[in-house]
Amino acid sequence: MKIPYYPGCTLNTVAKDFDLSARESARAVGFEMAELSQWNCCGATFPLTPDNLIALTAPAKVLANAKKEGDTLTTLCSVCYNVLKRTNKVLRDDKEKRGVITGFMEEEYDGSVEVVHFLEVLRDKLGFGKVKEAVKKPLKGLKVGSYYGCMLLRPFEDMGIDKAESPTVMEDLFRALGAEPVFFPNRIECCGAHLAMDNEGIVKRLSGNVLTSAVDNGAEIVVTSCPLCQYNLENSQSQIASEAAGYNPVPVVYFTQLLGLALGQSIDTLGFDKNRWDALPLLKDKGLLS
Amino acid sequence: MPRIGVFVCQCGNNIADTVDTKKVAEEAKKLPGVVYAEDFKFMCSSPGQDAFREAIRKHNLDGVIVSACSPHMHEKTFRRACSGAGLNPYKCEIANIREQCSWVHHDKTKETGTVKSIDLTRMTIERLKKNRALSTVKIPVNKRALVIGGGIAGIQAALDIAEGGRQVVLVEKEPSIGGNMAKLSETFPTMDCSQCILTPKMVEAELHDNIKLYTYSEVEKVDGYIGNFTVQIRKKAKYVNEELCTGCGECWEKCPFKAPSEFEHGLSKRKVIYTPFPQAVPNIPVIDAPNCPKIQKDKCGLCEKVCGPKAIDYKQKDQVVTEEFGAIVVATGYELMPNERFGEYGYGRIPDVINGLQFERLASSSGPTGGRIKRPSDGKVPESVVFIQCVGSRDEKKGVSYCSKVCCMYTAKHTKLYRHKVQDGQAYVFYMDIRSGGKRYEEFVRGAIEHDGAMYLRGRVSRVYERDGKVVVQGADTLSDSQVEIEADMVVLATAIVSRTGADTLAQTLGIGYDKHKFYNEYHPKLKPVETVTAGIFLSGTCMGPMDIPETVAQGSAAASKVLALFSADEMAREPITALVNTMTCNACWDCVVACPYSAIEKDTVKDRQGNVVRWLAKVNDGVCTGCGTCVAACRSKAIDLKGYTDEQVYAAINAF
Amino acid sequence: MNGNFEPKIMAFVCNWCTYAGADLAGTSRMEYRPNVRIVKLPCTGRIDPLFIIKAFENGADGVLVSGCHPGDCHYTAGNYHARRRWIAFRSLMEFTGIDMRRLHFSWVSASEAIKWVDLINSVTDEVKQLGPFMEYRGLKEKAAE
Amino acid sequence: MKIKLSKEDIDSALIRQLERMSGEDFKKCYQCGNCSGGCPVSYAMDVPPSQIIRFLQLGRVDKIAEANSMWVCVGCLQCYSRCPKGVSVANTLEAMRQLSLRKGADHDDISELPFPFLKKAPQQAIVCGFRKFVS
């Protein structure tokens, strides 16, 4: 079954591994992620000032194109998910703004596409039960810390992918994959996001809090669902290691990479070589590479 | 031809100054049907009254007009005088020529005032011609009271009514009376033990000759009206014969099965046959059927074996009793908002995050820890406890918009209890505002801070999480404008007080109003604080909104005194100003039923000899009808009229305009 | 114009709020135009739109309806019914040829003597401006024939 | 610190403009401090979140204009999602940024961005960064 899919700019370049591993795992459970034939950048941030309509035209364009290829649109990157889903809500609920925006685009669109995250596809369309059945290589004994970040969850009333302050969708997924999910307090705290460009100090500190919180709670590996989180966590780790005594860096990978592995996809299609902190040794001694 | 008398009052100079009363009388006399018209200096004075009665008899008048002050002043006076003179009081009408004429038109030539007075008098005369003799409605009063809810509010009301010598039935849905107050350890600001002051009242209620207890029971249906309610009460099966049971406790000693204790808010387990707490009233256990293997799949049956008096009865069924009452007191109390709504505070996930009532149980000497403060997770005595106020209160987004009123005080109390029990323990309190209005309340809070060393932080907590065996609280202190992080051993949430689940359904059963938070509406927030719009039903305690024990008790007594006042006469007289249905023209569209704010209109039937329903029609219940007339204007077929304000009367007045 | 024309205003008021408010105006010795004649009813909910039409038919040049403020009704909901009915009947009144400027609907509480005074004065003056209400003149007589 | 209050400041056109841009009603805030408590970057802010709204209530936009807070806020919406009154400091600060950016006053100079960053960083970081810091 084909599902219309919006990769977004980053997944076509820096985060290719995210994209590949997702397509692979999708295939393993009988989906094909059909990339939109026409798409553009979503704008990478949802404008927080409601009067800033021009910033909504880019995502609106994406949605309008998606509409031509189906009624749902699947995303992977948390930021794209956030921007598209919220823009879609505006277009659906606010006739006046819709008028202005479609005016800009010179194209009609009414917000009727359903924007879903790949996690939702697995949980709601397929069901973690089915995922469990499809597992070839259970991630036995692997302690996985799932990092949600902000954009996947907030604002809750708009995103609504999971429980406001205590989401479990990723943990449930990894339980289904046979892994041992690790809950850690900072899993829904911010990583520093775009401040990477402007204020590394803050990013190091926030990402640091995330990683130490994960490791302190026993995570052997941290998974993300957003290239920017991925980048910030990977980048900060060396510094944390140098500052916090007794801190040993852990691999940070996209959740889809472990998913693909569990579903029995070949290790080299999953882009583990692209990760800054090599996960293979860990996976090896968990006996997951044989 | 009617024989109408007109009495124009000069009210000293109050009217005479700007109205030519003599002229008014003369003009009145010219009207058909007016056989007598005079003006007097003071109609309300006793000479005036005598002349009034005298004239009625002498000219055998069949209707009288008094053109004088506002009917709100002396209508009653003159109507009483009428009955004194053998004339039906409702054949007397007042034309208001003082408040609404002489006093508001200062024209000394008296012209305007006189003209207007003549008009007003004329209109009233024409109206009067259509008046019918009416007699006050008499309703018999059944002098038994029903009290719904066995918390302190209900107990207080029941005791006061019983002391007043009236029969009371006290209905409680739990196995024991006592309510939330029974769970409290000490009470602010006096710090006397809650159970020590409550249990005597509970026992008194149980033993009082005039009080009948229905525990483990719920009100299902309410019919009738003030003085005459018929109520269906479901007595849930206890599986224990109350007559035989001696409360010896063998059964719950021996029962091998356990379930989380509702009374201890899950902090401990109770047996499956149980009384909620040691001082339970009545001291008779109930079997928690869903958890009992005997009742579910006929296994065990130990309690039956060990029961000396053979009181256990697995076959027992729910029992529905119907009783008659003259008045009802609603005292159903409150619940705490489920904190699961506040994921960021980890309630339900983090065992050492508890709510206010759970802390009360920890602090209570009859509680699961025997009054020693131990945290639920590992029984360790907490070296520091963080108390978070306004959890759900004053929170439009995730909670309720209102202030729960008692949290500021009980949190201060908690910090004191904690300090008294854990000498070197440190209490932290996150507050937004401290609301300590009340006798010795502010001093009490200051005491917690200055004497018992509680650290008060002005700010809200953003999140609570676990870190190696500690509960980390991350919040702000806006006064030092800094983020604060506290590694505590336990966190206590002062969660919002909310109305009982099902409060709305009960309100609908009773026909009383409730607000958007499902708290019950008093008739008037200031002047009728314990009455409801439904005559004969009274309110008491937190079913109306958050309040503390003193207020609740005061309201219990207030409601009781209202009931006793109602019961002081065998019959209650009501103004005959009620709606009347014309059975010939009513076409049963039920618009009136919808319009009536008092649900005073019932759907009635006409039957033929065989008893088959031939047609439906509306029937007004004089006991409930307050005579607002809304139904009259709503009626399509003009089949309802309002006695004292009939269409005829009103049109007569308009036509005389 | 209409200098010497004195309009006749009929006021339908509820017993608990507006009637008491009018009384208060008296006890406080305020003064207002003498053109108004009050018909007291228990509640605005009792007011039948036909009352208003009849009032005009009987020579009223203006009609005023006033009761408790929404939420204050002595009978809890009567005035809501009145308001609803009022909205529904407004257009009908217009249809029957009544100039809406002659018909006023207001809330006056028992404590709002001043509001009552201002109301009466403004209504009287406005109707005075409009001149006598001729549309219904003679209807009654015709009906009588 | 002493603040001189005046009606003109409290409901100045600028405050109303900010409310319009951000879609927030500053009066709603009752200063519980939840936002300051939860904000991950409040430690780095000259003026912490709750005080930002407070200053706007007092009509002192200048206090925030000269603070670094708006450039430090990362828009994680922690403040908004836990605010009992549904006020979003993030939206407010975005409005402040827009106020300055729309005047063409950039916060970053693109030419000075570190090359390795531009090379390694995910596009979204760059695009987003540009939107937040550059007009």
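Residues numbered from 1 in each chain as written. Chains lettered and ligands numbered in written order. Predicted model: local features only at pLDDT ≥ 70, side-chain atom pairs only at ≥ 80, totals over all residues. Heavy atoms only, no water.

A. Representation of the interface of chain C and chain B. Across the boundary between the two partners, chain C contributes 45 residues, which contact 43 residues of chain B. Across the interface of chain C and chain B, roughly 3,600 Å² is buried in total on both sides, 59% from carbon and sulfur atoms. For chain C, the biggest contributors to the area lost against chain B are C:Arg37, C:Arg46 and C:Tyr75; these three give 19% of the whole. Between chain C and chain B we count four salt bridges in total. Across the salt bridge formed by B:Lys638 and C:Asp48, the nearest N and O atoms sit 2.8 Å from each other. At the junction of chain C and chain B, the tally comes to 18 residue pairs in polar contact (both at pLDDT 80 or more). Looking at the side of chain C that touches chain B, the elements that each hand over two or more residues are strand S1 (9-14), helix H1 (18-27), strand S2 (36-41), helix H2 (49-57) and helix H3 (78-95) of chain C. Considering every element that reaches the side of chain C that touches chain B, the biggest residue donor is H1(C), with seven residues. Along the lines of polarity and charge, the residues of the side of chain C that touches chain B split into 23 nonpolar, 10 polar and 12 charged. (Contact = heavy atoms within 4.5 Å. Buried area = accessible area lost by both parts, 1.4 Å probe. Salt bridge = Lys/Arg side-chain N within 4 Å of Asp/Glu carboxyl O. Polar contact = N/O pair within 3.5 Å; in protein donor to acceptor, adjacent residues only side chain to side chain. Helix = DSSP H or I, 4+ residues; strand = E, 2+ residues; numbered from the N terminus. Nonpolar A, V, L, I, M, F, W, Y, C, P; charged D, E, K, R; others polar.)

B. Spotlight on the interface of chain B and chain D. The interface of chain B with chain D comprises 20 residues on the first partner and 21 residues on the second. Taking both partners together, chain B and chain D bury about 1,500 Å²; carbon and sulfur atoms supply 43% of that area. Summed over the shared surface of chain B and chain D, the result is one salt bridge. Residues B:Glu396 and D:Lys85 are paired through a salt bridge, measuring 2.3 Å at the closest nitrogen-oxygen approach.

C. Local environment of helix H3 (residues 54-69) of chain A. In H3(A), a bend of some 25° at A:Ala60 exceeds every other bend along the element. Turning to H3(A), its buried residues number three or more, namely A:Ala55, A:Leu56, A:Thr57, A:Pro59, A:Ala60, A:Val62, A:Leu63, A:Ala64, A:Asn65 and A:Ala66. Lining the buried residues of H3(A) we find strand S1 (2-6), strand S3 (72-75), helix H4 (78-93), helix H5 (95-105) and strand S4 (114-117) of chain A together with helix H10 (123-133) of chain D. (Bend = angle between axes of the 7 residues up to and from the residue. Buried < 20%, exposed > 50% of the residue type's maximum accessible area, 1.4 Å probe, protein only.)

D. Broad picture of the packing of aromatic side chains. Enumeration according to the criterion identifies 25 aromatic pairs over all chains in this entry. An angle of 15° between the planes, with centres 6.3 Å apart, marks the rings of B:Phe342 and B:Tyr345 as stacked. Residue classification places B:Phe342 among the buried residues on the basis of a relative accessible area of 3%. Chaining the aromatic ring pairs together yields one cluster made of B:Phe7, B:Tyr36, B:Phe40, B:Phe52 and B:Phe78. Directly above the ring of B:Tyr274 sits B:Arg270, whose terminal nitrogen or CZ lies 3.8 Å from the centroid. Residue placement shows C:Lys8 over the ring face of B:Phe657; its charged tip is 4.5 Å from the ring centre. (Phe/Tyr/Trp six-rings, centres within 6.5 Å; stacked < 30°, edge-to-face > 60°. Lys NZ or Arg CZ within 6 Å of the ring centre and 35° of its normal.)

E. How the structure looks around the packing of H1(C) against helix H4 (residues 113-130) of chain C. Residue and element names in this part refer to chain C. Relative to each other, H1 and H4 sit at 90°, their axes nearing to 8 Å. Judged by the inter-axis angle, H1 sits roughly perpendicular to H4. Of H4, the residues touching H1 (which contributes Thr18, Gly21, Ala22, Leu24 and Ala25) are Ala113, Trp116 and Val117. Along the lines of polarity and charge, the residues of the contact of H1 with H4 split into six nonpolar, two polar and no charged. (Axes fitted to C-alpha atoms, helices over the stretch in contact; angles between N-to-C directions. Parallel < 35°, antiparallel > 145°, perpendicular 65-115°, else oblique.)

F. Fine view of the state of the cysteines. This model, assessed by the stated rule, comprises two disulfides over all chains. Here B:Cys193 pairs with B:Cys196 through a disulfide, and the sulfurs are 2.2 Å apart. As the torsion about the S-S bond is roughly 95°, the B:Cys193-B:Cys196 disulfide counts as right-handed. One disulfide bridge connects C:Cys17 with C:Cys68, the sulfur atoms lying 2.4 Å from each other. Across the S-S bond of C:Cys17 and C:Cys68 the torsion is about 100°, and the bridge reads as right-handed. In this pair, C:Cys17 is assigned in the loop between S1 and H1 and C:Cys68 in the loop between strand S3 (62-67) and H3, connecting sequence segments 51 residues apart. B:Cys9 takes part in no disulfide bond, and the closest cysteine sulfur to it belongs to B:Cys11, at a distance of 5.1 Å. Left without a disulfide partner, B:Cys292 is nearest to the cysteine sulfur of B:Cys303, which lies 6.1 Å away. (Disulfide = S-S within 2.5 Å.)

G. The pattern of salt bridges, seen in detail. Residues and elements named next belong to chain B. According to the stated counting rule, one finds 79 salt bridges over all chains in the structure shown. For Lys562, the salt bridge is made with Glu531, and the minimal N-O distance between the two is 3.2 Å. You can see Lys562 sitting in helix H15 (residues 549-567) and its partner Glu531 sitting in the loop between helix H14 (503-510) and strand S29 (537-539), a full 31 residues away along the chain. Counted as one network, the salt bridges with shared partners bring together Asp352, Arg375, Asp378, Lys380, Lys470 and Asp489.

H. Summary view of the confidence of the model for chain C. Counting all residues, the mean pLDDT for chain C is 89, and 98% of those residues have values of 70 or more. Quick note on the complex model: pTM equals 0.82, ipTM equals 0.79. (pLDDT = per-residue confidence, 0-100.)

I. The sheet that holds strand S25 (residues 470-477) of chain B, seen in detail. All names here are of chain B. An order of S24-S25-S26 is seen for the three strands of this open sheet, with the pairing classed as antiparallel. Strands with a single pairing partner mark the edges of an open sheet, and in this sheet they are strand S24 (461-467) and strand S26 (482-488). Taking the axes of each pair of neighbouring strands and ignoring which way they run, one obtains an average angle of 20° across the sheet. Pairing of S24 with S25 involves six bridges; the strand directions are antiparallel. Residue pairing across strands places Tyr465 opposite Val472, the latter belonging to S25. (Pairing = 2+ DSSP bridges.)

J. View of the nonpolar core. Among the nonpolar cores identified, the biggest contains 148 residues, and A:Leu139, A:Phe255 and A:Leu258 are the most heavily contacted of them. Excluding its chain neighbours within four sequence positions, the residues that come into contact with A:Leu258 are A:Leu139, A:Leu142, A:Val144, A:Phe174, A:Ile221, A:Val223, A:Val253, A:Phe272 and A:Leu283. Ranked by size, the runner-up nonpolar core spans 69 residues in total, among them B:Ala158, B:Val329, B:Tyr410 and B:Phe444. (Core = buried A, V, L, I, M, F, W, Y, C linked by side-chain atoms within 4.5 Å.)

K. Focus on unusual backbone geometry. The omega torsion of the bond from A:Arg154 to A:Pro155 falls at -5°, within 30 degrees of zero and hence cis. The amide bond that connects B:Phe188 to the next residue, B:Pro189, takes the cis arrangement and shows omega of -10°. Positioned with a positive phi, B:Asn60 is a non-glycine residue whose angle comes to about 20°. Its place among the elements puts B:Asn60 in the loop between helix H2 (46-58) and strand S3 (63-68).

L. Structural view of the sheet that holds strand S12 (residues 228-235) of chain B. Residues and elements named next belong to chain B. On the basis of which strands lie adjacent, the open sheet formed by three strands has the order S11-S12-S17 and antiparallel pairing. Edge positions in the open sheet fall to strand S11 (217-225) and strand S17 (319-325), since each of these has one partner strand only. On average, each strand axis in the sheet is inclined to that of its neighbour by 20°, with strand direction left out of account. Where S11 lies against S12, eight bridges are found, and the strand directions are antiparallel. The residue of S12 that forms the bridge with Glu218 is Arg234.

M. Main features of the arrangement of the chains. Between chains B and C lies the most contact-rich interface of the four pairs of chains that touch. With no contact formed, the shortest span from any C-alpha in chain A to any C-alpha in chain C equals 30 Å. What separates chain C from chain D at the closest point of their C-alpha atoms is a distance of 26 Å, and the two make no contact.

N. Focus on the packing of helix H1 (residues 21-29) of chain B against helix H5 (residues 111-129) of chain B. Residues and elements named next belong to chain B. Contact geometry for H1 and H5: axes closest at 9 Å, N-to-C directions at 40°. Considering how the two elements wind past one another, H1 and H5 form a crossing that is right-handed. When H1 is examined against H5, the residues Lys23, Val24, Glu27 and Ala28 are found in contact with a partner set consisting of Thr114, Ser117, Ile118, Thr121 and Ile125. (Left-handed = near helix turned anticlockwise from the far one by under 90°.)

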